[in-house]
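# Working through the structure, step by step
Here are the chains, one letter per residue:
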Amino acid sequence: MAEEKATEARYPDRLPLLPLKGTVVLPHMMVPLGVGRPRSLQALEAAMQGEKLIVLASQKKEDLEEPTPADIYSVGTICRILQVGKTAEGTVQVIVEGLVRANILSYEQTHPYFAVRIEAMPDPVEKSLEIEALMRSVTSQFERYARLTRGVPPEAFMAIMSTDEPGKLADLVAQHLPMKLEERQKILELPPRDRLDFLSQVLMKEINILELERKIQNRVRKQMEKTQREYFLKEQMKAIQEELGEKDERTAEVEEYRRKIEEANLPDYVKEKALEEVNRLEKMPPMVAEAVVVRTYLDWILALPWNKRTEDRLDIEEAKKILDEDHYGLEKAKERVIEYLAVRKLAPESKGPILCFVGPPGVGKTSMGRSIARALGRKFVRISLGGVRDEAEIRGHRRTYVGALPGRIIQGMKTAGSKNPVFMLDEIDKLGVDWRGDPSAALLEALDPEQNHSFSDHYLELPFDLSEVMFITTANILDTIPPALRDRMEVIRFPGYIEEEKVKIAQQFLIPKQLKANGLTPEHLTFTEEALRRIAREYTREAGVRNLEREISTICRKVATEVAKGKGTHTHITVQNLHKFLGPPKFRYGVAEREDEVGAATGLSWTEMGGDIITVEVTLMRGEGKLILTGQLGDVMKESAQAALSYVRSRARWLGVDEEFYAKTDVHIHVPAGAVPKDGPSAGITMAVALASAVTGRKVKKDVAMTGEITLRGKVLPVGGIKEKVLAAHRAGIHTVILPKENEKDLVEIPANVRRKLRFVLVDHMDQVLAEALLPAVAPAPVHTPAPPPAIGVPTQPYPQPQPQSESNVM
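Keep in mind that what you see is a predicted model, and the values were worked out from it rather than measured.

### Comments concerning helix 18 (residues 529-538)
Every buried residue belonging to helix 18 is among Ala531, Leu532, Arg533, Ile535, Ala536 and Glu538, and all of these are buried. Of the surrounding elements, those touching the buried residues of helix 18 are helix 17 (499-517), strand 14 (525-527), helix 19 (546-565), strand 15 (571-573) and helix 20 (579-582).

### Focus on the environment of Gly544
By the element assignment, Gly544 lies in the loop between helix 18 and helix 19. C-alpha separation for the pair Gly544 and Ile498, spaced 46 residues apart in sequence, amounts to 9.1 Å.

### Some details on the nonpolar core
Note on soluble globular proteins: their nonpolar side chains tend to be buried together. Formed by 52 residues in total, the largest nonpolar core has its most connected members in Ile54, Leu56, Val96, Val173, Leu177 and Leu196. Tallying contributions element by element places helix 2 (residues 129-149) first for this core, with eight residues. With near-sequence residues (within four places) excluded, Val173 lies in contact with Val138, Phe142, Ile160, Leu199 and Leu203. Of all hydrophobic cores here, the second largest spans 51 residues; its members include Leu304, Val381, Phe423 and Met489.

### Examining the packing of helix 17 against helix 19
Running from amino to carboxyl end, helix 17 crosses helix 19 at an angle of 45°, the nearest separation of the two axes being 10 Å. Taken together, the axes of helix 17 and helix 19 are oblique relative to one another. The element helix 17 and its partner helix 19 pack so that their crossing is right-handed. Contact with helix 17, carried on its side by Lys502, Ala506, Leu510, Ile511, Lys513, Gln514 and Leu515, involves Leu548, Glu549, Ile552, Ser553 and Cys556 of helix 19 and no other residues of that element. Class assignment of the residues belonging to the contact of helix 17 with helix 19 gives a composition of seven nonpolar, two polar and three charged.

### Some points on the packing of aromatic side chains
Counted by the stated rule, this structure contains seven aromatic pairs. Ring plane angle 20° and centroid distance 6.3 Å describe the contact between Phe142 and Phe157, whose orientation is recorded as stacked. Residue Phe142 is located in helix 2, and its partner Phe157 is located in helix 3 (residues 154-161); the two are separated by 15 residues in the primary sequence. For Phe142, a relative accessible area of 0% translates into the label buried. A relative accessible area of 21% places Phe157 in the partly exposed class. Measuring from ring centre to ring centre gives 4.7 Å for Phe357 and Phe494, while their planes differ by 40°; the resulting arrangement is tilted. Residue Phe357 is found in strand 7 (residues 354-358), and its partner Phe494 is found in the loop between strand 13 (490-493) and helix 17; the two are separated by 137 residues along the sequence. Judged by its relative accessible area of 1%, Phe494 is buried. Taken together, Phe142, Tyr145 and Phe157 form an aromatic cluster joined through their ring pairs. Cation over ring: Arg39 sits above Phe114, and NZ or CZ is 4.6 Å from the ring centre. Its guanidinium or amino end placed over the ring of Trp654, Arg651 lies 4.7 Å from that ring's centre, counting from NZ or CZ.

What counts, and where the lines are drawn
- Residues numbered from 1 in each chain as written.
- Predicted model: local features only at pLDDT ≥ 70, side-chain atom pairs only at ≥ 80, totals over all residues.
- Heavy atoms only, no water.
- Buried < 20%, exposed > 50% of the residue type's maximum accessible area, 1.4 Å probe, protein only.
- Helix = DSSP H or I, 4+ residues; strand = E, 2+ residues; numbered from the N terminus.
- Contact = heavy atoms within 4.5 Å.
- Core = buried A, V, L, I, M, F, W, Y, C linked by side-chain atoms within 4.5 Å.
- Axes fitted to C-alpha atoms, helices over the stretch in contact; angles between N-to-C directions.
- Parallel < 35°, antiparallel > 145°, perpendicular 65-115°, else oblique.
- Left-handed = near helix turned anticlockwise from the far one by under 90°.
- Nonpolar A, V, L, I, M, F, W, Y, C, P; charged D, E, K, R; others polar.
- Phe/Tyr/Trp six-rings, centres within 6.5 Å; stacked < 30°, edge-to-face > 60°.
- Lys NZ or Arg CZ within 6 Å of the ring centre and 35° of its normal.

These results come straight from atomic positions and should not be treated as a statement about function.
Right under this line is the structure:
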């Protein structure tokens, strides 16, 4: 085959050089370039002053700002500068056309720009059979590539198809292939035959990749064809409805629910259930009743705090300060909260405690729960369980019922808006039971730390995590709480307030609160401490402070009336003018009885209202030995009265009375007030003292109160509620309190100032009680009958006269 030599154009052997970053310019290629480096601008300016020819060679590393000759490839392209301009940013924009390859022989200068000595390397135009075959193969492959990629402009495609020079064909094809810098530089350096061979390999690889992509697209298209078709049809339907001004409410509603579900950050099992219900809603006819049930259910799911929580305030000193600000006293409850905070700080994953505040009304159980929430920085929710008899109130109704709703616990969690609130269950001791179920049994799961991480509500039918909730229950008494439920709770007792505490609470909390509530200021109304003490003593008789607050509110209203009339400027409440606002005293304060009496003994009782004093009265009448009990006494208290009578009968000789007195005498025991039900064994020794006083005619000391259970052998057994009973004795002005010896351990709970004002006598036998409580007989009658054998478990010496108590029994 005849070989032809290309007509060689004449090019200067010394030209400026401009290094390129990240690109290669091939011959027959027209490209725009941005020029910004000072050395490159100098080279461009030198080229413009000559024949507008410049050598473009690529840098080996793109990130070099000041390349050296060693950093630039040795083969570049001689280009003609066609156009120079500036962009809005100030960068010089150059359009160049590649002419011929150039071999860089040496660098003549490097400053202020690169100038190189070059040798032009035009492509030979020989066409051997191998080159012809390569040209046809490359042309055919490029045609196939162009059909697959559809990114080759028609004019460029026609130029390639009409080219008969092997080197030019390779350069034109290489412009449209995705290749790396090194591959393009290789194209620039190779001779035409090797260039075509390399391009054939690149084209085959790209064609295979494009065909594989097309196969994947076809497969995906077939898989998604049905979905896409439905989607497009729905979109068209929406567009038509929008054009007609019609909005598909059902579609909009379903889309809104789906959007809310995606944004709600629900647990996976909840999200799956919610989407299932949305799909049901989408398929339902618009007016079907079931749609309303589904909507309500979805609204509840979206409203619950599945993953929302508040951050705990773990500053122990700050929490203690908040608790002290809100409540005076109640140290045990405060100490338990501080302990929980400390554990939470050291073990953040610890479960919330289940606390039960037990105490009389008005001592601050509910308000302490609210204060705990404020100290922890948590939301506070309170629900009252008083009178709840239906199990569904706790667990909710199933959705099959019309108007079904979740139970009160789930409703409370929705109200809280977080999954770790302080949740107060008020009056848990007043839950009822009937044919609709036992609500207390439904609470077992919620109040069990081992189970409440997946609390099940009948309405939701989804497990809800209650493990981070701090549950606090309140009760006045524990007896009515089922044992299984009581076992799950940590009981913290709230005792009644003593007089000093009530005065402090009134000064720090109640008076400022009532002044604000009645529109008054401290300039309008002030109280002396003695006046507050008189109100607590003679106008209230309670363990808490609710009635004290009511009396203070009464005074504030009367003062507010005078201020509103313009008559009063400042009122100072003292002991002397207190009766003008509250009237005469409602209760008698001081000793329980005004004088020593026969057949009347003072006992101590404990009710849900706190501690109180009771008077046991005994009257003897001629009769047939009957025992009459009045005052609404319970079965246990009636049995205590019978045991007390049996003890007195067994000790008749030592008491100095006829052993047959019972056969001719009826005994009537009465415990005022008659309208109040009473029960329990703790009045046993009180009734025995009253009986002994009545049969002997010896008076009972008016300033002595007592509590304890009696046995037939005269043993005195321990009882409960010691702290509340002692506080009641202190409040009533009692000086001496007789307690069972085994209750000595309970005295540590009594405030020190109360212990200092009372004298405690600890006993373990009834004879010691009689010795302390009864005054000596005025003229004791001698007993001439022989002494019977002693009763089991009692002392053998005659009945003791009152003697000073030993140090071990008097505190």
